[in-house]
Amino acid sequence: MSRNTPPASPSAPNPEALSTQRPTTPLVGRPFGHDEDGRPIEHVKGPSLIRLIHILQEQVGRRAEQESPADLPPPERTERRAQAQTAILDELVMRLNAAIPDPRFHVSRADLLDPTQTYSHEFWLLVVEHCRALSGDEQFCFHLGAQNLPDKLVTLAHDWAPATSRLYQRIPWALESVDAFTVRATPQSAVVQWQSRQLSLIPAQARARWIKAVCQMYQGMFAALPTLTRAGMVAHVREVHCQAEGAAQCEWEFTWREPQSHRRRVLPRNWRWWAGGAATLLVLAYSLLDLPGARWLLALLAATLPLTAAFYLTHVRGLIREHERAEQLLREQRELSQAQYERSERANAELQYVNQTLEQRVAERTAELQQRVSELAIINSVQEGLASRLDTQAIYDLVGDKIREVFDAQAVLITSYDHSTETTSFNYNIEKGVRYYPELRPFTGFARYLIRTRQTVLINENADQRSAELGMTVIPGTENPKSMLFTPLIVGDVVRGMISLQNVDRENAFSDSDARLLTTLANSLSVALENARLFDETQRLFKAEQQRAAELAVINSIQQGLAAELDFQSIIDLVGDKLREVLNTGEI
């Protein structure tokens, strides 16, 4: 099975095609954290996932620039590129969360760009498949591998400029944690095998897809090795075997062309061996033929042999030391390059993480402001209604009905406290749409607690235990709540009553923002109730004053009549008629 070199950049994908290419397989295992047995999930590190996302954003950004009008100014072109990269990351997050059944493991942009996070192999596969669909590049994994060459081989090629076959021979050394090894390497070809030892960590239904994705990634990685050498080209790949198709291991053959040298070779490569052999045969023949001076020649050779041996031994030891120093220098440079690369990747990832965190905080603050605006709108509508009502019960009904509309509360309770008699009146009590009219009851322990502390009480868990601790009692005919929120009605420094929201079906029904909004509504209700009380008191005093004035007018008229009459019967008739007039009766 042969594979041609894929194009350098994918063409723009059709949006309709993207919707059909979307992977539909949901995630089986947990993407991060701990697995079902409590073991930490550390299969894939965060920087690996970040590099994958950067490649997706780079492809999408490049495509956005290519599709931009030719006369578009560079700043707007750059902005369009950035918008496309942000939008594709948001789309990726949405698709990943749709494929994760458990909402507890849903991710955000900041999570994906966190370099300290670790993930499972299955989640890495899910991200790769969605990136491939979003980019429209069927060879996405090949390009991923081609852009993530092993640092050790990059450093070796940069410092020593070895032959291409030498790089392929060093694959096992460069990828120590991967079961990849070179079967054969020639000046223009190499055969590499790879067998995964991570299959037990991957769900059975995802193993074949994972092997194909990783296989394509390694093909791209190894095919790009000739670009580091004088060959300067991507190798042609021929897939011989694939583990996903039942083979024991994946095997690929890579072929390339080395550039021809323009320098003419004058002597053969092993001319030194030929010259040494010829000189040895010449000396041997001269000695065997016992030619003149043969003894002196042998004596000279025997005398210089130890010196020659010492010279070559010293030379060999020097070469060994130079080789060791070169190896040490290579290791140091490799470690330095690796450290610099990791620092660069970490700094880039941290910058991305900070940007995403800032964006998330801005979004949270925007949501808080919107929530606050909606709260103010609710408060304004309640206050407008309160301004038009001075009847006390109408005020209770207005606020109670508005609270039922706004909050996720199955029960709403508004009470008032009479401190002189230490009793509680239930002015508004509705639970699940049914209104209750409880009778007066003495202060409970909780009522005294609210009066003493004047603080809002929020109970979202262990409601029965907390109710017993605070001295609460359940109104007859109602259910025990699982979530409760109480806010006192305070006028001056005196607690005149309280508002309560309750949910009888679930815990954690109310939030801090609910408590804040209810407190504001309670303050408005307290002011309205105090105004109504003052109005009632004013009306009562006014009516009493009118009654007193009427009484004084009657007395004055009687006294005037008595002053004009001296006859006893006339006086009796005058007083009787006046009493009939005042009392509106016909008989006295």
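Provided above is the structure to which this section pertains.
Remember, predicted model here, so these are calculated numbers, not experimental data. Numbering of residues begins from 1 in every chain and follows the order in which that chain's sequence is written. Reporting in this predicted model follows two pLDDT cut-offs: at least 70 for local features of residues, and 80 or more for side-chain atom pairs to be given and counted; totals over whole chains, interfaces and linings ignore these cut-offs and use all residues. Side-chain metrics in this entry use all non-hydrogen atoms of the structure; hydrogen atoms and water are not considered.

Right, let's get into the overall build of the protein chain. Broken down by element type, the protein chain carries 17 helices and 14 strands. Throughout this description, buried means an accessible area under 20% of the type-specific maximum (1.4 Å probe, protein chains only), exposed means over 50%, and partly exposed covers the range between. Put simply, the protein chain has 588 residues, and 38% of those count as buried. By definition, residues are in contact when any of their heavy atoms lie within 4.5 Å. Long-range contacts, defined as pairs at least 24 residues apart, comprise 63% of the intrachain contacts of the protein chain with a sequence gap of at least 6. Exposure was quantified through the Shrake-Rupley algorithm and a 1.4 Å probe, taking into account, for residues, occlusion by the shown protein chains and nothing else. For the protein chain, the computed accessible surface area is about 34,600 Å², with 54% contributed by carbon and sulfur atoms. Runs of E in the DSSP output that reach at least two residues are strands. Runs of H or I that reach at least four are helices, and both are numbered from the N terminus.

A regular strand carries its side chains on alternate faces of the sheet. Burial runs high along strand β13 (residues 483–491): 8 of the 9 residues are buried. Here a strand pair is declared whenever DSSP counts at least two bridges between the two strands. Relative to β13, strand β12 (residues 457–459) runs antiparallel, the two sharing 3 bridges. Bridge pairing in β13 links Ile-459 to Met-484. In terms of strand pairing, β13 meets strand β14 (residues 494–503) through 9 bridges, oriented antiparallel. By the bridge assignment, Val-491 is partnered in β14 with Val-494.

To continue, consider the side chain of Gln-85. With respect to the secondary-structure elements, Gln-85 resides in helix α3 (residues 74–99). Relative accessible area serves as the criterion here: at 18%, Gln-85 is assigned to the buried category. Contacts of Gln-85, omitting those with residues within four sequence positions, involve Gln-57, Glu-58 and Gly-61.

Here the focus is the pairing of strand β7 (residues 250–255). With respect to burial, β7 is a largely interior element, 5 of its 6 residues being buried. By the bridge criterion, 6 bridges tie strand β5 (residues 189–194) to β7 in an arrangement that is antiparallel. Residue pairing for β7: Trp-194 is matched across the bridge by Cys-250. Here strand β6 (residues 236–241) pairs with β7 via 5 bridges, running antiparallel.

Here we come to the packing of helix α5 (residues 121–135) against helix α10 (residues 207–223). For the pair α5 and α10, interaxial distance at closest approach is 10 Å and the crossing angle is 65°. Classified by the angle their axes make, α5 and α10 are roughly perpendicular. Regarding α5 and α10, the two cross each other, and that crossing is left-handed. Here α5 contributes His-121, Trp-124, Leu-125, Glu-129 and Arg-132 to the contact with α10, which in turn contributes Arg-209, Trp-210, Ala-213, Val-214, Gln-216 and Met-217. Lines fitted to C-alpha atoms define the axes, with helix axes restricted to the stretch in contact, and inter-axis angles between N-to-C directions lie between 0 and 180 degrees. Just so you know how the angles are binned, under 35 degrees is roughly parallel, over 145 roughly antiparallel, 65 to 115 roughly perpendicular, and the rest oblique. Note on convention: near helix rotated counterclockwise from far helix by under a right angle means a left-handed crossing. Clockwise means right-handed.

Where helix α2 (residues 46–67) meets α5, the axes come as close as 10 Å, and the angle between the chain directions of the two elements is 5°. As summarised for this structure, α2 and α5 are arranged roughly parallel, according to the angle between their axes. Of the residues in α5, those in contact with Leu-49, Leu-52, Leu-56, Gln-59 and Arg-63 of α2 are Phe-123, Trp-124, Val-127, Val-128, Cys-131, Leu-134 and Ser-135. In terms of residue class, the contact of α2 with α5 is built from 9 nonpolar, 2 polar and 1 charged. Gly is put with the polar residues, along with every residue not named as nonpolar or charged; the nonpolar set is Ala, Val, Leu, Ile, Met, Phe, Trp, Tyr, Cys and Pro, and the charged set is Asp, Glu, Lys and Arg.

What follows deals with the pattern of salt bridges. One speaks of a salt bridge when a side-chain nitrogen belonging to Lys or Arg is within 4 Å of a carboxyl oxygen belonging to Asp or Glu. For the coordinates displayed, the defined rule picks out 17 salt bridges. Asp-37 serves as the salt-bridge partner of Arg-39, at 3.1 Å between the closest nitrogen and oxygen. We note a salt bridge from Glu-479 to Lys-432, for which the minimum N-O separation is 3.3 Å. Highlighted residues: Glu-479 in the loop between α15 (463–470) and β13 and Lys-432 in the loop between β9 (423–431) and β10 (434–435), separated in sequence by 47 residues. Judged by relative accessible area, Lys-432 falls into the partly exposed class, the value being 45%.

In this section: α5. What a helix should span is 1.5 Å times the count of its residues minus one. Compared with the 21 Å implied by 1.5 Å per residue over 15 residues, the 21 Å span of α5 between its first and last C-alpha is a close match. For α5, a buried count of 14 out of 15 residues is recorded, marking the element as mostly surrounded by other parts of the structure. Backbone geometry just after α5 places Gly-136 at a positive phi near 75°.

Before going further, it helps to examine helix α14 (residues 445–453). Of all the positions in α14, only Phe-446, Ala-447 and Leu-450 are classed as buried. Viewed end-on, α14 has its buried residues packed into an arc of 105°, placing them on one side of the element. Looking at the packing, one finds that the buried side of α14 touches β8 (411–418), β12, α15, β13 and β14. Arg-454 sits one or two positions beyond α14 and adopts a positive phi of about 55°. Directions drawn from the helix axis to the C-beta atoms are what define this arc.

Glancing now at the state of the cysteines. What counts as a disulfide here is a pair of cysteine sulfur atoms lying within 2.5 Å. Scanning all chains against the criterion turns up 0 disulfides. Take Cys-141: it sits in no disulfide, and the sulfur closest to it among the cysteines is that of Cys-131, at 9.3 Å. For Cys-141, a relative accessible area of 0% gives the class buried. The thiol of Cys-250 is unpaired, and the distance to the nearest cysteine sulfur, on Cys-215, comes to 4.0 Å.

Any Phe, Tyr or Trp ring, taking Trp's six-membered ring, that has another such ring centre within 6.5 Å forms a pair; planes under 30 degrees apart are called stacked, those over 60 apart edge-to-face, and the others tilted. Counted according to the given criterion, the structure contains 14 aromatic pairs. For the ring pair Phe-222 and Trp-252, a centre distance of 6.0 Å and an interplane angle of 50° mean the geometry is tilted. One end of the pair, Phe-222, is in helix α10; the other, Trp-252, is in strand β7, and 30 residues separate them in sequence. Given a relative accessible area of 1%, Phe-222 falls into the buried group. Trp-252 gets classed as buried once you look at its relative accessible area, which sits at 0%. Joined through ring pairs, the aromatic side chains of Tyr-168, Trp-194, Trp-210, Tyr-218, Phe-222, Trp-252, Phe-254 and Trp-256 make up one cluster.

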